[in-house]
Structures are given as C-alpha cells and as structure tokens.
Amino acid sequence: MGVPLETMAGYELVEQLSANGDVDTWRARDIRGVDVVLKRFPLRDIVGFTSRTSALLRLTSPHAAPLRNRGKTRDRLYAARDYFSAGSLRRIAPLLDVTTKLRVCADIARALEHAHRHGLVHGAVKPENILFGDDRKAMLVDFSLAGAREGDFTPPELPTDPRSDQWALAAVAGFLLVGHVASQGETLSSNVALDAALRRALAHSPAERFRGIDELASALESAAGHVTDTGKDVRVERKDNALRVQVEGKWTAGVIEACTREIDHAMSRFPGVRAIGYVLNAVGGNHSHAIDALGALHHRHRARLERVAFVSNSPQARGACILIGTRGGLAWKTFASAETMDAWLRGGAG
Amino acid sequence: MTLGKRTAVVLLQRLTTLLWGSPPLLLPEIVQHLGAMGALGWFAKNLPRYESLMKKWGPLRTHLLCIEASLLNGCSYCIHAHAYAFQLHYFRREGRLFPIDEHGVIALREQKDDALRSIWKDALAHAGLDEESALFDRLWRLKLEGETPRDEVSSGIHHILNMFEMLNFCGMNAQTPFDHAHDGINKDETLKKRYAEARLASDNGASPST
C-alpha cells in the first residue's frame, strides 16, 4: 500500500502539474475516483475569485472547459475542472491537417466570443491551454485563472481587454499554419481573406484589430469550409411607406450581403419608402460585420429614411438592433410586436 | 484621442471616483461617442435626475430598473455594474442573497424574451420584491410596447430607459470589460468580501459534480 495522498475539500491531490507563486495546479481525484484538475489560490483575492468563477459557472460553450466545482477551505480557494487526457494542441498539432487546425481555431474563437459576452478575458490563450479529451474535441481551459502571462502568444499590451485574446488566438493560428511562431509581416496563409483576417487580429494596437472576435471566428470558419451560407434567411417586402425586412438564423456573409443588396434594390424600386421595419432574430455568425453593414446602409439612405424600427424576440438580437439603430443616425425604436412597430413607423405611436 | 476628449475623460473619472470609489471603464467610450462637450453635457443633464430618482426610490429599485433596461437591450457590461450594486444592497438590507447572482442575471440575455420575463419575475417574487415586479412590467411596456409615460413613476422609468439606450450602446460597441458596482456601496470592501464568502458558501448556480 502506498503513502496516503494529501486531500483538500474531498479531493485527493495526485500529482502537482505546475506552481506559480502562491497558485498551484494539481491533478486530483474526486470522491467518484474521477480525475480532475484542481487549482488552488490564496484567500486574499476572494472577491475577484468569486466573481470570475461565478462567470465561469455560467459558460455553456461546447469548447470552453466547464468549471466543475469551486470553494473555500480554511486557508485556500480552489476551482476544479475536467482533466483532459489526450494532451494539448502543442502536442497534437503535428498530427492535424490544415482544415482541422482551422476548425479547432474557429471553435476556440467561438468559445472566446461566448466568454467575452460573460465578461471574461482569458488572458493566456496558447496551445498548452487548448486541450483534447478522449472524444478529440478541443477545449479551452484556465479562463481568467491562468498564472504566468508571458511567452510567444502574449500580446504586446497587458491582456485585460477582449482584443488581447484575439491577438493570442491569431498567433496560435499562425503557429499552426506555418509551423513556428510567426514574425511581423510574415504571410500566414495562401487564403488571402484568412491571411488578411489574421494580420488584422495581430495588429500591434488593439484599436486596429477587429472590434469583436466573432469576425476572426467567421474568417476561420469560412477558410475551414465550415459555413452553410445560402443567404436565404432574408426576406424584404414593401408595406405602405415602409420596407419590412425579416432576418432569421445566423449573420453569415451571405445573409449580410443578401440583406444589404435587397434593401438597396427595394429603396431604388420604391421611391415612396420612408422607413424600414426589421423583424430581426438573427444571432451569432459575423454579428459585428452585420452591424457595420446595416448601420452604413441606413447612413447612406439618410436623406430619404425618417425612421427605422426593430422587432426582436431576445436581448441578444435586440443588442444588435441598438448598435445598428444608433450607428445609422436616424430615429429608431425597438418593439415586441410587428403591429406596434408598424404603428410607430406610420407615425402613430411613441 | 484629442486633448479636449482626454480632459473630459479625466473630469468624468474624478467625478465617478468621488461617487463610486473608482471610475467606470466605459467613460472613454462615452466621450468618444458623444464628443468632449457632448459627454459632459450628457452627464450634466442626466446624472442629477438619476441621483434624485435614487434618493426617492432607493438603491434597490433604481438599480433593478437599470438592470432591467440593460437586460432588455442585451448589454452585459451595464447589467453587471448595476446587478452587482443591487446584489450588495440587497445582501446588506436583507441579510441573504438574491436568488440569481450577477453573472446569472447576465446569462439571462441569452434567453428568449418570454423565458427571460418569467425567470426574472420568479426571482423577484422569491426575493420578496413583488412591487418591483409590477414596475418591471411598466418598464417592459414603455420599452417594447410603444406605451408613453403618463405619470411621475413611468416618467422616471422612461428617463432610465433613455439614459441606458446611450450607455448600453457604448458598452456593447466597445465590448467594455466588466469593472465594479456603479454605486457608492462599491467602496465598502468588507461588505464585498462578506458577499463573496456568502456566494461561495451557497454555491449559487454551481453544478458541482463531486
């Protein structure tokens, strides 16, 4: 019989994986005998720890490792997540083809997009923090709980902004594509659109990068051939002096293109149109690009358009409406039903 | 950023530090969006009315309305800042935790409107805040059903809705990282520590597998 293992909060500490100052990480075993990774922190930052782990508990992305447990003992704080046995992206990368590498990066970009909406900046995106379990699914670990922040995948600035994660993920994608840590100005892909997207995400100043990581995710998905894009989720029709535009599904490049093209076409075909009413329930995809494109479209037609209104069935979709409405610089409003929206567009309400 | 804009940011940072202990990370984005004079004018116009609503209605009701306005608009940053302030006030007044923590409130933005409304009203009922539930219905009608303000209460709610249309735009446009509770209660470090300990002990929303 071996020496009994040290225990903490019901976990047996099997093997120390790393230590950084007063934060250490262990492979541990829970009471069911299942391996987990247990990270231990000093008590002094209980406020920050509780806030970060509360946000982590709410993550539902399929590629963000969920937090399994967290708590406090007499002298320590701890957080436990799944143990992934198949290894890290650093180890597995040589076995992957280019399409799979791009798909892994796209999946991680979506996990980061989800985390950013929950107020979490990862702060240490690198191949060692992208792990694979037995099902070969890529999982991003150590959200906002990482230790040392230095190395090849650390952005030029302090990683406190979501755009720092964008830089780090683009550096990881470049590393996977060219086989080494890319240098400034190096071509990263023969796919021109992907190369341009990666270079933009790697801009020295955060202000020059994409506003949201969804734009990088969309570029990676397109390059990986991961997008079903028919543009058929858009319908534009005339209703009195207004256009009624219906957008469902995801903000794919095809949907955005169809949306702006159809509206431009209808605006030139019906000179009496003075307003646009959207039934807009699209979420996800290249949401940032959709906002830019529709905001610019309203601005372009501002000489004729008097009002823009939106009906949405969720806060996420409504968030896009607020950004589109404000960017266009016209009078705008959001509604719960198309009837109330139509009344306002006719000038009868609000 | 021009010198004028930088000066406006510094002035607003000083003001909010005085009020809440530290400045919101959103301020540079507000100045960028409205311009230096526009931003100072916006605060001069809106802050006194907001403070007078806070005085009249108290922090719980006021922060709830700010959360609800931001929740319907989908702005995680503003939901967090006001939900955290609300949680601290509720914890201090009631000596117990609100049924959903601030990150759980943020997660509601991923729900469809019907589900969001039902979960939120249940939480208010469990917290003994039925009167606030009725005010949420009024805010909903003003925001999404084209109702116009007809009395003093709905005109106060309308003011909050208008304020948050601009603040939520800035928060979402810049994808501003979360900061702290936008309230003087943010200065109470002991309360924040007690609240964190209570959350960890309750493990609200957690899914421990062990």
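Keep in mind that this is a model prediction, so the values were computed, not measured.

How each quantity is defined
Residue numbering note: each chain is counted from 1, following its sequence as written. To read the labels, note that chains go from A and ligands from 1, taken in the order they are written. In view of the model being predicted, local features appear only for residues whose pLDDT reaches at least 70, and side-chain atom pairs are presented and counted only at 80 or more, with totals across whole chains, interfaces and linings using the full set of residues. Note on definitions: a nonpolar core is a set of buried residues drawn from Ala, Val, Leu, Ile, Met, Phe, Trp, Tyr and Cys, linked by C-beta atoms within 7 Å. Burial is judged by counting other C-beta atoms within 10 Å of a residue's own C-beta: 20 or more means buried, 12 or fewer means exposed, and anything between counts as partly exposed, with every C-beta placed from the backbone. Note that contacts rest on C-beta atoms placed from the backbone: two residues are in contact if these are within 7 Å. Helix and strand definitions follow DSSP, with helices as H or I runs of at least four residues and strands as E runs of at least two, each counted in order from the N terminus. Multiply 1.5 Å by the residue count of a helix minus one, and that product is the helix's expected span. Here, any two strands with at least 2 DSSP bridges between them count as paired. Whenever a helix is involved, its axis is fitted only over the stretch in contact; in every case the axis is a line through C-alpha atoms, and angles between N-to-C directions fall within 0 to 180 degrees.

1. Considerations on the nonpolar core
At step 1: In terms of nonpolar packing, the biggest core is built from 163 residues, with A:Cys105, A:Ile108, A:Ala109, A:Leu169, A:Val172, A:Leu216 and A:Leu220 touching the most fellow members.
At step 2: Discounting residues that sit within four places of it in the chain, A:Ile108 has contacts with A:His63, A:Ile130, A:Ala138, A:Leu140 and A:Leu169.

2. With respect to the interface of chain A and chain B
At step 1: The interface is formed by 42 residues belonging to chain A together with 41 residues belonging to chain B.
At step 2: With 7 residues, the top contributor of residues to the side of chain A that touches chain B is helix 9 (residues 315–328) of chain A.

3. Section: helix 8 (residues 152–174) of chain B
At step 1: The end-to-end C-alpha distance of helix 8 of chain B, which contains 23 residues, comes to 33 Å, matching closely the 33 Å that a straight helix rising 1.5 Å per residue would cover.
At step 2: Those residues of helix 8 of chain B that sit buried are B:Gly156, B:Ile157, B:Ile160, B:Leu161, B:Phe164, B:Leu167, B:Asn168, B:Phe169, B:Cys170, B:Gly171, B:Met172 and B:Asn173.
At step 3: In this fold, the buried residues of helix 8 of chain B make contact with helix 9 of chain A together with helix 2 (27–34), helix 3 (36–73), helix 4 (76–94) and helix 7 (130–144) of chain B.
At step 4: Two residues or fewer after helix 8 of chain B comes B:Gln175, characterised by a positive phi angle close to 50°.

4. Comments concerning the sheet that holds strand 3 (residues 23–29) of chain A
All names here are of chain A.
At step 1: In space, the 6 strands of this open sheet follow the order 1-2-3-4-6-5, with antiparallel pairing throughout. Looking at strand neighbours, the two that pair on one side only are strand 1 (7–8) and strand 5 (67–72), the edges of this open sheet.
At step 2: Looking at chain direction, strand 3 and strand 4 (residues 35–41) are connected through 6 bridges and run antiparallel. Residue threonine 25 lies in a different strand from strand 4, and its bridge partner there is lysine 39.
At step 3: Strand contacts of helix 1 (residues 46–57): strand 4, strand 5 and strand 6 (77–82), with the helix running at about 160° to strand 5, the strand carrying the most contacts.

5. Structural notes on the environment of A:Arg44
At step 1: Following the sequence through the fold, A:Arg44 ends up in the loop between strand 4 and helix 1.
At step 2: A sequence separation of 33 residues divides A:Arg44 from A:Leu77, and the C-alpha atoms of the two residues are 9.1 Å apart.

6. Description of the pairing of strand 6 of chain A
All names here are of chain A.
At step 1: Most of strand 6 sits out of view: 5 of its 6 residues are buried.
At step 2: In this sheet, strand 6 lies alongside strand 4 in antiparallel orientation, the contact comprising 6 bridges. Across the sheet, the residue bridging to leucine 38 is alanine 80, located in strand 6.
At step 3: In terms of strand pairing, strand 5 meets strand 6 through 5 bridges, oriented antiparallel. When the sheet's bridge partners are listed, arginine 70 is paired in strand 6 with alanine 79.
At step 4: Taking the residues between adjacent antiparallel strands as the criterion, strand 5 and strand 6 are bridged by 4 residues.

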